[in-house]
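Read off the chains here:
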Amino acid sequence: MTDTRPTTTGPRPAATPQPTVRTCPFDPPEEYRTLREQAPVTPVTFPDGTNGWLVTRHEDVRAVLADPRFGANRRAARTGAPVPADTPLPPPAPGMFIFMDPPEHTRIRRLLTGQFTVRRMRQLIPAVERIVAGQLDAMASAGGPVDLVQDFALPIPSLVICELLGVPYADRADFQRNSSTVLRLDATHEEVQQAHLAMSRHIHELTVAKRVAPTDDILGGLVRDGRLTDEEVAGVGALLLLAGHETTANMIALGTMCLLGNPGQLAALRADPSLMDNAVEELLRYLTIIQFGLRRVALEDVELGGHRIEAGAPVLASLTSGNRDATQFSGDPDQLDVRRPYSSHLAFGHGIHQCIGQQLARVEMKAALSALIDRFPGLRLAVPAQEVPMRDDMLIYGVHELPVTW
Amino acid sequence: MKVIVDEDKCVGAGQCVLAAAEVFDQREDDGVVVLLDAAPPDALHSSVEDAAARCPALAIEVLQRP
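Just so it is clear, the model here is predicted, and its values are computed rather than measured.

Points about the overall build of chain B
When helices and strands are counted, chain B shows 2 helices and 4 strands. Each helix and strand of chain B, placed in order from N terminus to C terminus, yields the pattern β-α-β-β-α-β. In terms of its C-alpha atoms, chain B occupies a principal-axis envelope of roughly 35 × 20 × 15 Å. Taken across its 66 residues, chain B has 48% of its residues classed as buried. Considering only intrachain contacts with a sequence separation of at least 6, the fraction spanning at least 24 residues in chain B is 57%. A total of about 3,100 Å² of accessible surface is found on chain B, and carbon and sulfur atoms cover 52% of it.

Observations concerning the overall build of chain A
A count of helices and strands for chain A gives 15 helices and 11 strands. Over its C-alpha trace chain A gives a radius of gyration of 21 Å, about what one expects of a compact globule, namely 22 Å for 406 residues. Its C-alpha atoms give chain A principal-axis dimensions of roughly 65 × 55 × 35 Å. Summarising the internal contacts of chain A: among those between residues at least 6 apart in sequence, 72% fall at separations of at least 24. Total accessible area on chain A is roughly 16,900 Å²; 55% of this is exposed by carbon and sulfur atoms. The positive charge centre, built from 39 side chains, and the negative charge centre, built from 48, are 4 Å apart in chain A.

A word on the sheet that holds strand β5 (residues 146-147) of chain A
Across the sheet, 3 strands lie side by side as β5-β11-β10 (chain A); this open sheet has antiparallel pairing. Both outer strands of the open sheet, β5 and β10 (380-381) of chain A, are each paired with one neighbouring strand and no more.

Quick word on the confidence of the model for chain A
Scored by pLDDT, chain A comes out at a mean of 92, with 93% of its residues at no less than 70. The low-confidence segment residues 76-82 of chain A (pLDDT under 50) makes 19 contacts with residues lying over four places distant or belonging to another chain.

Considering the packing of helix α13 (residues 276-287) of chain A against helix α15 (residues 358-375) of chain A
Residue and element names in this part refer to chain A. Between α13 and α15, the shortest axis-to-axis distance is 10 Å and the interhelical angle comes to 110 degrees. If you check the angle between α13 and α15, you find them roughly perpendicular. Taken as a pair, α13 and α15 cross one another with a handedness that is right-handed. Where α13 approaches α15, its residues M276, D277, V280, E281, L283 and L284 are matched on the opposing element by R362, M365, K366, L369, S370 and I373. Per-class residue counts for the contact of α13 with α15 are 7 nonpolar, 1 polar and 4 charged.

Things to note about the interface of chain A and chain B
Each partner contributes to the interface: chain A provides 20 residues, whereas chain B provides 24 residues. For the chain A and chain B pair, buried surface summed over both sides reaches about 1,800 Å², with 42% attributable to carbon and sulfur atoms. In terms of surface lost to chain B, no three residues of chain A exceed A:R110, A:R119 and A:Y342, which account for 28% of the buried area on that side. Taken together, the connections running from chain A to chain B amount to 3 salt bridges.

Thoughts on helix α12 (residues 263-271) of chain A
One turn of the α-helix equals 3.6 residues, which is why residues spaced by three or four share an orientation. Residues and elements named next belong to chain A. Those residues of α12 not exposed but buried are Q265, L266, A268 and L269. Down the axis of α12, the buried set is contained in an arc of 160 degrees. They therefore lie on one face. Every exposed residue of α12 that faces more than 90 degrees away from the buried side is listed here: P263, G264 and A271. Lining the buried residues of α12 we find α11 (230-260), α13 and α15.

Quick word on the packing of aromatic side chains
Residue and element names in this part refer to chain A. For the structure on display, the rule yields 1 aromatic pair over all chains. Aromatic side chains F376 and W406 sit 4.3 Å apart centroid to centroid with 25 degrees between the ring planes, which places their arrangement in the stacked category. Of this pair, F376 sits in the loop between α15 and β10 while W406 sits in the segment after β11 (403-405), and the two are 30 residues apart along the sequence. Using a relative accessible area of 26% as the deciding quantity, one classes W406 as partly exposed. It is R22 that lies over the ring of Y397; its NZ or CZ is 3.5 Å from the centre. Positioned above the aromatic ring of F329, the side-chain terminus of R285 is 5.2 Å from the ring centre.

The rules behind these values
Residues numbered from 1 in each chain as written. Chains lettered and ligands numbered in written order. Predicted model: local features only at pLDDT ≥ 70, side-chain atom pairs only at ≥ 80, totals over all residues. Heavy atoms only, no water. Helix = DSSP H or I, 4+ residues; strand = E, 2+ residues; numbered from the N terminus. Buried < 20%, exposed > 50% of the residue type's maximum accessible area, 1.4 Å probe, protein only. Contact = heavy atoms within 4.5 Å. Areas by Shrake-Rupley, 256 points an atom, 1.4 Å probe, with all protein chains shown as cover. Rg over C-alpha atoms; globule rule 2.2 N^0.38 Å. Lys, Arg positive; Asp, Glu negative; His and termini not counted. Charge placed at Lys NZ, Arg CZ, Asp CG, Glu CD. Pairing = 2+ DSSP bridges. pLDDT = per-residue confidence, 0-100. Axes fitted to C-alpha atoms, helices over the stretch in contact; angles between N-to-C directions. Parallel < 35°, antiparallel > 145°, perpendicular 65-115°, else oblique. Left-handed = near helix turned anticlockwise from the far one by under 90°. Nonpolar A, V, L, I, M, F, W, Y, C, P; charged D, E, K, R; others polar. Buried area = accessible area lost by both parts, 1.4 Å probe. Salt bridge = Lys/Arg side-chain N within 4 Å of Asp/Glu carboxyl O. Arc of directions from axis to C-beta. Phe/Tyr/Trp six-rings, centres within 6.5 Å; stacked < 30°, edge-to-face > 60°. Lys NZ or Arg CZ within 6 Å of the ring centre and 35° of its normal.

Shown next as structure tokens:
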């Protein structure tokens, strides 16, 4: 593991398996610490059986994600059936701009960035706070224990993204089920394709309706704009719908569990609510729910950390590991510290694909967590922490359910 | 300090606005960075450097002048 001599033959056959097993629900697998210190750019075998490289230091993760020599069109890292290495990469599905490189990526992303500016997202704060208050009212009248995922964490971002996109919230059962399939590590390639297709078909039907009866929402705007095909609008819509509710829902639920498990930090937040902006950044860093990182592919031979990454080799940039790198974060990065000074974390990724909805996520997390701890001073888990079902089996980490009472 | 932004590189993440709202804004229609002050006062230098460090697209350049 200490061999960092330059190589000239790409991934070595003696690759170690990519670490995937956690020993603590809030910490990445322990192997990452050793990797960061001894083999920060290292050959690994991914769970799908392919060989590539794992990058674990904050600095290197940022370097990979900001480097145009690493492309974004890659096979999803899954635990399903291995794909033969010589199978050509299919083009990304229409509208799936997270798997595209410039200029195609730029063409699509630029049509959306105006909808997610800091100013626009801040204008949503009163509406998000109303949604949060409504969910808390319903929880209070139902009485505990409740599942915080179903009754709070999932409805808030789902209601908001539905409203922004112009998707009926009544359709949520279908798209939440399809999102789950896409994110399940044990889903087969066919199941994932089917779920993607169903989501896109759903959005496609909505866009056709919006052409007949124009609406003032993101999908309505894309239809009116006319620069994307119907298939592209459907792909963009499905992507934003999935990314807009699954990620934030898990940050709210897992963030709550984490605060309950760190009572000193929770008390500090209750004593000084002005810490919440900083606490949101710290929870994003500490929990990093894109649990296996972001996968790229070398478009040419690239030197990285003393290694030669051969063109075509997949590279996994570990966001969770980079976010625990002691050379980047002051104090002990393995401890949650809501007062930790901000230092660029990787929770939203880095480079041209950095999360387009990050300002919305911040607004939603702050509104949800602030109101939740304010409304229920006695909030606590309704089951022992070790009985909470963790999402080790999903691309986006978090909790499957979180029984709480107050 | 002199600040230069590259509109073509900008991906509209909004990180610069969070770091230094006195110096950076975003265009209404496409979210691309707007430079409000190309020569910010000393008191803002560290937040401008933070904005440049945060920018995921490396679209902000800071030139130090003696």
